[in-house]
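# Geometric and topological summary
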Amino acid sequence: MSLWMITGSSTDDGAPIYLQADGCWSRRVVDGEVLDDHERRDERLALARSGERQVCDPYPIEVLRGAGGEPRPRSLKQRIRAQGPTVPLVADRPRPGSRLEGPAARSA
Amino acid sequence: MYQYDAYDKAIVEQRAAQFRDQVARRLSGEISEDEFKPLRLQNGLYMQLHAYMLRVSIPYGLLASKQLRKLAEIAEKYDRGYGHFSTRQNIQYNWPRLHDVPTILDELASVEMHAIQSSGNCIRNTTSDHFAGVSRDELEDPRVYCELIRQWSTFHPEFAFLPRKFKIAVTGAPTADRAAVRVHDIGVRIIPDPEQSGATACQILVGGGLGRTPRIAEVCREALPREHLLSYLEAILRVYNRHGRRDNKYKARIKILVGALGIEEFRRQVDEEWEKIRDGVMRLTDEEFERVAVFFSSPDYERFTGKDGGPRTLADDDLRLAAWRLGPDRALGRWVASNVTPHRVPGYAIVTVSLKPKGKPPGDATSEQMELIADLADEFGFGRIVVTHDQNLVLPDVVLERLPEVHAKLSGLDLAEANVGKVTDIIACPGLDYCNLANARSIPVATRITEHMEDLDYLHDLGEISLNISGCINACGHHHVGNIGILGIDKQGEEFYQLMLGGSSSDDASLGKILGPAFPSSEIIDAVDTVLRTYIDERESADERFLDYVRRAGFGPFKARLYSNTDKAAR
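Residues numbered from 1 in each chain as written. Chains lettered and ligands numbered in written order. Predicted model: local features only at pLDDT ≥ 70, side-chain atom pairs only at ≥ 80, totals over all residues.

On to the overall build of chain A. Broken down by element type, chain A carries two helices and five strands. In chain A, the succession of α and β elements from N to C terminus is β-β-β-α-β-β-α. Put simply, chain A has 108 residues, and 35% of those count as buried. Long-range contacts, defined here as pairs at least 24 residues apart, represent 60% of the contacts in chain A between residues at least 6 apart. (Helix = DSSP H or I, 4+ residues; strand = E, 2+ residues; numbered from the N terminus. Buried ≥ 20, exposed ≤ 12 C-beta atoms within 10 Å, placed from the backbone. Contact = placed C-beta atoms within 7 Å.)

Residue and element names in this part refer to chain B. Once the domains are mapped, chain B shows domain 1 (6-109), domain 2 (127-294), domain 3 (320-411) and domain 4 (427-569). Using C-alpha coordinates to define each centre, domain 2 is positioned 31 Å away from domain 4. Facing 10 residues of domain 2, the contacting portion of domain 4 comprises 11 residues. The class makeup of the residues in the side of domain 2 that touches domain 4 is five nonpolar, two polar and three charged. (Domains from an automatic or database assignment. Nonpolar A, V, L, I, M, F, W, Y, C, P; charged D, E, K, R; others polar.)

All names here are of chain B. Residues I236, I373, I385 and Y497 are the most contacted members of the largest nonpolar core, which totals 181 residues. Of the residues forming this core, the biggest block, nine residues, is contributed by helix α6 (residues 229-243). In contact with I373, not counting residues within four places along its chain, are L68, V353, I385 and L393. (Core = buried A, V, L, I, M, F, W, Y, C linked by C-beta atoms within 7 Å.)

All names here are of chain B. The strand order β1-β2-β5-β4-β13 describes an open sheet built from five strands, whose pairing is antiparallel. With partners counted over all chains shown, the strands left at the sheet margins are β1 (45-47) and β13 (364-366), one partner each. This sheet shows a mean twist of 30° between the axes of neighbouring strands, independent of strand direction. Of the pairings in the sheet, the one linking strand β4 (residues 82-85) to strand β5 (residues 91-93) comprises two bridges and is antiparallel in character. Bridged to H84 within β5 is Q92. (Pairing = 2+ DSSP bridges. Axes fitted to C-alpha atoms, helices over the stretch in contact; angles between N-to-C directions.)

Another point: the sheet that holds strand β12 (residues 348-353) of chain B. Sheet strands pair by backbone hydrogen bonding; their relative direction is either parallel or antiparallel. All names here are of chain B. In spatial order, the strands read β3-β14-β15-β12-β11; together these five strands make up an open sheet with antiparallel pairing. Of all strands in the sheet, those bounded by a partner on one side alone are β3 (62-64) and β11 (340-342). Each strand axis lies, on average, 30° off the axis of its neighbour in the sheet, ignoring direction. By the bridge criterion, three bridges tie β11 to β12 in an arrangement that is antiparallel. Along β12, the bridge assignment pairs V340 with V351. Across the sheet, helix α3 (residues 65-78) touches β3 and β14 (384-387), and the angle it forms with β3 is around 90°.

What follows is about the interface of chain B and chain A. Facing 35 residues of chain B, the contacting portion of chain A comprises 27 residues. At the level of secondary structure, the elements contributing two or more residues to the side of chain B that touches chain A comprise α1 (6-27), β13 and α14 (443-452) of chain B. Among the elements that take part in the side of chain B that touches chain A, α14(B) stands out by supplying three residues, more than any other. Each residue belonging to the side of chain B that touches chain A can be placed in one class, and the counts come to 15 nonpolar, nine polar and 11 charged.

What follows deals with the packing of helix α7 (residues 254-261) of chain B against helix α8 (residues 263-277) of chain B. All names here are of chain B. Following both chains from N to C, one finds α7 and α8 inclined at 110°, their axes separated by 6 Å at the closest point. On the basis of their axis angle, the class for α7 and α8 is roughly perpendicular. Residues L257, V258 and L261 of α7 touch α8, and the partners they reach there are I263, E265 and F266. A class-by-class count of the residues in the contact of α7 with α8 yields five nonpolar, no polar and one charged. (Parallel < 35°, antiparallel > 145°, perpendicular 65-115°, else oblique.)

Turning our eyes to something else, we now look at the confidence of the model for chain A. Looking at chain A as a whole, its pLDDT mean stands at 89, while 89% of the residues score no less than 70. Scored below 50 in pLDDT, residues 99-108 of chain A makes 20 contacts in the model with residues more than four places away or belonging to other chains. (pLDDT = per-residue confidence, 0-100.)

As a further point, take the environment of B:D316. Residues and elements named next belong to chain B. Residue placement: D316 occurs in helix α10 (residues 314-326). For the pair D316 and H389, spaced 73 residues apart in the sequence, the C-alpha separation amounts to 30 Å. Among residues more than four places away in sequence, those in contact with D316 are G306, K307 and P346.

Another aspect to go through is the UniProt feature "domain: Nitrite/sulphite reductase 4Fe-4S" (unreviewed entry) in chain B. Residues and elements named next belong to chain B. Under the present numbering, the feature "domain: Nitrite/sulphite reductase 4Fe-4S" (unreviewed entry) in UniProt falls on residues 119-276 and 423-562. Strand forms 17% of residues 119-276 and helix 31%; the C-alpha atoms that close the span are 30 Å apart. Taken end to end, residues 423-562 has its terminal C-alpha atoms 19 Å apart, with 36% of it in helix and 19% in strand. (UniProt positions renumbered as here; feature names shortened; annotations may be inferred.)

In this section: helix α17 (residues 546-553) of chain B. All names here are of chain B. The complete set of buried residues in α17 reads F546, L547, Y549 and V550. Summarising the axial view, the buried residues of α17 lie within an arc of 160°, below the 170-degree limit, and thus occupy one face. The inward-facing, buried residues of α17 abut α15 (456-462), β19 (494-501) and α16 (521-538). (Arc of directions from axis to C-beta.)

Residue and element names in this part refer to chain B. Within the chain, Q89 stands out as a residue other than glycine whose phi angle is a positive 60°. Inspection of the secondary structure puts Q89 in the loop between β4 and β5. A positive phi is found at F155, a non-glycine position, where the angle reads about 55°. Note on placement: F155 falls in the loop between α5 (142-153) and β7 (168-171). F155 sits in the exposed class, given 12 other C-beta atoms within 10 Å.

With that settled, consider the packing of α1(B) against helix α4 (residues 101-109) of chain B. Axes are the key here: two packed helices are described by the angle between their axes and the distance separating the axes. Residues and elements named next belong to chain B. As a packed pair, α1 and α4 sit with axes 9 Å apart at the nearest point and diverge in direction by 175°. Comparing their axes, α4 and α1 come out roughly antiparallel. Between α1 and α4, the residues in contact are V12, E13, A16, F19, R20 and V23 and V101, P102, L105, D106 and A109, respectively. Classifying every residue of the contact of α1 with α4 by side-chain character gives eight nonpolar, no polar and three charged.

Dropping the structure here:
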């Protein structure tokens, strides 16, 4: 059975964000709502698209459940997107701070 | 170098102010992402995997030290302390916040820089020879032509919405193409004028490119008088703008049109258009040419004394460089051998600063490194730095006798890797670690190759080899024109890599061909190693370059070693 999650990029800084069950966005893929049927997926996508001040170009991705039930993206691209580059950065400064406020600011 | 006039200054500042308003409206929700996207792209702002990416134009790769310091400052204040130098001689910031981008554009404007036309279906940053103005094999300084093209193409009202992006490169070294002009939409070669002894003309190449349909450019005009350069380029762009395909983005580049029409018919249409405009306002008078050329006049080079008390000569320089190359300090010797190029002025040398240290992403530089290079440019040269299309930086005017000091200072910040032109001087796109379009990672393959090449004597014995890596068929890593090309592909969710051999982007331009079935990520480094060892074992002598060996011997010796195992052959 396919599982999905709705993701998009934060308008503020372009970071990947994931739609939670409460309708807010999180920067952690484990917080995202896992969807197991097409209708629900399309409903949530429509909801995401209605909030495009906060999110850019939302779309569904396929996810899997890990051993502990935690969701993780099925594709390598989405796993890299969720976890960051797989090579160390030449300079390790923190990411410029987010200006997001409220629930969407819940980040790792 | 060129300095903005009041017009340049005004349009750059106005564009930054305009974008500030557009960003504010996007952040407030007044405009949607669909509405905002074309606006941000016109200002070089992309959306990548993890963040926005801002691409800043560096016209023909030339930077003043104060501009490089500003780029370092932006990396430090608004990004994560580094920037990525690209194959278009630009710099990319991978982590800016949208809110900060207008301020970044203001900061750039304060040092006569911008991000205009670094994205979108318009004429992009014109690139050039990174040794422009200083190399011994140059016929004429191409930067004057590049600047004229920049002024003509910036905000050109006819060419803001071309069928697809459009890239122009210019070289002034007719026998040493370092600008890859044959794989550009238009390549301009400054050549001796066949009609007039001592004069120069422009050979115009058209229809080259990489991507999913790689193609070597063809000659559209054999010898164009320079006064007609802009009108002729305009005629080419008009034909392309009128007939280039807009129904399919994969067939929209000019190379497809040239291929479909054939070069004869394309040339006929260009000539027909050109006849209407050739003697109009775009004709470059000598005065107009001089207006721009004066910005590229030679700096005030010191006149050094040679060994015999007379003026120092180029032969003196060559002897000095040879002595260092063979001297007891092997680190300095290797660096001089690979990273230092003779200068056209006695007493000076061209230093290429490698941005390809072992295990680091090709083309990345930290803000500290950028500041150091700017300081070196001021202390040892004339405050100039050039970005190369193969993702290194050049100090074009280093006082030759001070090379050991420069080497020591560069070594202190991991900037003295002696590998320019060697197989670890890898061109790599950002790949799947950053790019939304990529299918596979490029950077880890590059870093694994550089880490694998531990034996520096072996590296230098391999000689001149280019190795280019792209993470998808769009070929931002120029894999088709690497002597060794690597293309990352996605096979049922797994990263695989195709190996290509035989590519070149220089005067002997050629497109590499796929060697055989692709290798999984776990085997690609060993495959590259096997290719190199095959060459070492089979070449006629150390004087036979890798590319010459491939062209002479073909793929047989490589395939025999790479695919001898039946399991691999069946892959």
